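Inside the fold
Spelled out from the first residue to the last, the chains are:
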Amino acid sequence: MTQILLGGLSPARFLRDYWHKRPLLIRNAVPGFNGLLSPAAMQELATRGEIESRLIQGSGNGWQFDHGPFKKADFKRLPKTDWTLLVQSLNHVLPAADALLARFNFIPHARLDDLMVSYAVPGGSVGPHFDSYDVFLLQGQGHRRWQISEQTDLSILDDVPIKILRNFQPEEEWLLGPGDMLYLPPHVAHYGIAEDACMTYSIGFRAPTTDELVQGFLMHVQDSVALEGRYADPNLRLQAHPGEISRAMLAQIERMIARIQWDKRDIAEFAGRYLSEPKPNVFFDPPVTPLSFAVFKKHASKSGVALHPKSRLLFIGGRFFINGEAFDSAADETAALRQLADQLRLATVPVALRERFYDWYEAGWLEIASHDSI
Ligand code: SIN
Ligand code: CO
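**Quick look at the domain arrangement of the chain**
The domains assigned to the chain are domain 1 (2-205), domain 2 (210-263) and domain 3 (293-368). On a C-alpha basis, the centroid separation for the pair domain 1 and domain 2 is 48 Å.

If you want it as structure tokens, here you go:
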């Protein structure tokens, strides 16, 4: 399956030769693929407040950018050419999108971000640009002409509301039709122009900046550190300048701060919580009328369970992280929890996990598996 998705390459070879290194065009990566939803269904999603959507109109140097949620009437006013509607995290609301994303599980889940869909009318594009993330661009209905360039000049236009390259110099060009896919590593310049009304599915990845990771780690340290003691100066000497912060004072502050220390366990704890944390705009919806524990148990043993598509379950050894929370698994839980983290679903629920799963079910993190999701 994955070999077809990667144009005959094994995942190991793809990772070795292309991932994060160079572009790859894969014709007919998903045979028979013609998209997951209609433009009308996508426009409906873009009217919902909880769904991130954007509308980009223009070409050349003239661009207009609007954030959703939109009104139905907004779409009626649009011209026949040169606009694109983008909807983020389609996998959170459409099981088929979640299943498509799951096919990319040759990349660690901690790197996976979401599935974005774009709908463009002829001439529509988001302009020539580059992204800081790896992306697979899978063509759904219609056709899109992709031009790419590994140029080093990544300067962008001033005074436009989106990131547009000032000097895009295409080096390669392809016309993608339904089922074709283009993989791009970060910073490869690209420009995708709709030939006809078309939809493109972007499988996107997360790559925190050093600054984001460090800021996150410092917040984690702040929450987990508790050091005793207080500034003390029994040997205080008379200072010539009472207004001066003395070297002795600085030295003591330095010693106090140097007492903050961390080890590999702290790094692992932070990484697990940070990488499993949903994005700030993600909210879980607990079931409106939850099943009782007895009924939940019955259904879960019959149909199995699935993580809610918004949930992120990761592990390091026997320590598990779900949606920013951490716990140690008991010996009789570990194998099944690892399977759930890898496959996102479990056909058989061990007795030891029923109560934990019921808590997750009540929080909206986990569901009874539906037949089409197993
Ligand atoms: C699109 O689908 O129109 C834009 C995707 C991208 O260029 O990253
Ligand atoms: Co892009």
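Structure's up, so let's keep going.
**Some words on the nonpolar core**
For soluble globular proteins, the rule of thumb is that nonpolar side chains tend to be buried together. Phe14, Phe136, Tyr201 and Ile203 are the most contacted members of the largest nonpolar core, which has 43 residues in total. Contributing elements (two or more residues each) for this core: strand S1 (24-26), helix H3 (39-45), strand S4 (83-87), helix H5 (95-102), strand S5 (112-120), strand S6 (135-139), strand S9 (181-184) and strand S11 (198-205). If near-sequence neighbours (up to four positions away) are discounted, Phe14 is found in contact with Leu6, Leu9, Trp19, Leu24, Phe106, Phe136 and Tyr183. One finds Phe296, Phe320, Phe327 and Tyr358 within the second-largest nonpolar core, a separate group that totals 23 residues.

**As for the site of ligand 1**
Around ligand 1, a shell composed of Ser118, Val126, His129, Asp131, Leu137, Arg144, Trp146, His190, Thr200 and Ser202 is seen. Separating an oxygen atom of ligand 1 from a side-chain N or O atom of His129 is a distance of 3.1 Å. With respect to ligand 1, the side chain of Asp131 contributes an N or O atom lying 3.3 Å from an oxygen atom. Listing elements by their share of the shell around ligand 1, those giving two or more residues are strand S7 (144-149) and S11. Among the residues forming the shell around ligand 1, the class breakdown is 3 nonpolar, 5 polar and 2 charged.

**What to know about the environment of Pro128**
Relative to the elements of secondary structure, Pro128 occurs in the loop between S5 and S6. C-alpha of Pro128 to C-alpha of Pro170: the two residues are 42 residues apart in sequence and 9.4 Å apart in space. Discounting residues that sit within four places of it in the chain, Pro128 has contacts with Lys163, Ile164, Leu165, Phe168, His190 and Tyr191.

**With respect to the environment of Ala300**
Position of Ala300 among the secondary structure elements: in helix H9 (residues 293-303). Considered as a pair, Ala300 and Phe357 are 57 residues apart in the sequence and their alpha carbons are 9.2 Å apart.

**Describing the sheet that holds strand S16 (residues 345-346)**
Pairing within the open sheet is antiparallel, and its 3 strands lie in the order S16-S12-S17. Edge positions in the sheet fall to S16 and strand S17 (366-368), since each has one partner strand and no second. In terms of strand pairing, strand S12 (residues 305-307) meets S16 through 2 bridges, oriented antiparallel. Looking at S16, one finds that Ala306 is bridged to Arg345.

**Points about the pattern of salt bridges**
Applying the stated rule across the entire model yields 17 salt bridges. For Asp158, the salt bridge goes to Arg166, with nearest N and O atoms at 3.5 Å. For Glu333, the salt bridge is made with Arg356, and the minimal N-O distance between the two is 3.1 Å. Of this pair, Glu333 sits in the loop between strand S15 (325-328) and helix H10 (334-343) while Arg356 sits in helix H11 (residues 354-363); the two residues are 23 residues apart in sequence, bridging distant segments of the chain. We classify Glu333 as buried; its relative accessible area is 6%. Taken together, the shared-partner salt bridges connect Glu269, Arg273, Arg319 and Asp328 into one network.

**Points about the coordination of the cobalt ion (ligand 2)**
At the metal site, the cobalt ion (ligand 2) is ligated by His129 (NE2), Asp131 (OD) and His190 (NE2), and these contacts range over 2.0 to 2.1 Å. The sequence pattern formed by the donor residues of the cobalt ion (ligand 2) is H-x1-D-x58-H. Using a relative accessible area of 11% as the deciding quantity, one classes His129 as buried. Classification of Asp131 by relative accessible area gives partly exposed; the value is 27%.

**Re H11**
If you check which residues of H11 are buried, you get Phe357, Tyr358, Trp360 and Tyr361. Angular distribution of buried residues about the axis of H11 spans 165°; they occupy a single face of the element.

**Structural notes on the sheet that holds S9**
Read from one edge of the open sheet, 8 strands run S1-S9-S6-S11-S5-S4-S2-S3, paired in antiparallel fashion. The open sheet terminates on both sides in strands that have one partner only, identified here as S1 and strand S3 (62-67). Along the sheet, successive strands turn relative to each other by an average axial angle of 20°, direction set aside. The pairing of S4 with S5 spans 4 bridges and is classified as antiparallel. Directly across from Thr84, in S5, lies its bridge partner Ala120. Most of the contacts of H5 go to S5, to which it runs at about 125°, and overall it touches S5, S6 and S11.

**Overview of unusual backbone geometry**
With an omega of 0°, the peptide bond between Gly68 and Pro69 qualifies as cis. Residues other than glycine seldom take positive phi values, yet Asp159 does so here, at roughly 60°. Along the chain, Asp159 falls in the loop between S7 and strand S8 (172-176).

**Focus on a nonpolar patch on the surface**
Together, Val225, Leu227, Ile245, Met249, Leu250, Ile253, Met256, Ile257, Ile260, Trp262 and Ile267 make up an exposed nonpolar region whose accessible area comes to about 940 Å². Among the elements that make up the nonpolar patch, the one with the highest residue count is helix H7 (residues 247-257) (5 residues). Relative to the helices and strands, Leu250 is located in helix H7. Using a relative accessible area of 47% as the deciding quantity, one classes Leu250 as partly exposed.

Analysis parameters
- Residues numbered from 1 in each chain as written.
- Chains lettered and ligands numbered in written order.
- Predicted model: local features only at pLDDT ≥ 70, side-chain atom pairs only at ≥ 80, totals over all residues.
- Heavy atoms only, no water.
- Domains from an automatic or database assignment.
- Core = buried A, V, L, I, M, F, W, Y, C linked by side-chain atoms within 4.5 Å.
- Buried < 20%, exposed > 50% of the residue type's maximum accessible area, 1.4 Å probe, protein only.
- Helix = DSSP H or I, 4+ residues; strand = E, 2+ residues; numbered from the N terminus.
- Contact = heavy atoms within 4.5 Å.
- Near = heavy atom within 4 Å.
- Polar contact = N/O pair within 3.5 Å; in protein donor to acceptor, adjacent residues only side chain to side chain.
- Nonpolar A, V, L, I, M, F, W, Y, C, P; charged D, E, K, R; others polar.
- Pairing = 2+ DSSP bridges.
- Salt bridge = Lys/Arg side-chain N within 4 Å of Asp/Glu carboxyl O.
- Donors = N, O, S within 2.8 Å, 3.2 Å for Na, K, Ca; no water.
- Arc of directions from axis to C-beta.
- Axes fitted to C-alpha atoms, helices over the stretch in contact; angles between N-to-C directions.
- Patch = residues over 30% accessible without salt bridge, like charges linked within 9 Å, V, L, I, M, F, W, Y side chains within 5 Å.
- Areas by Shrake-Rupley, 256 points an atom, 1.4 Å probe, with all protein chains shown as cover.

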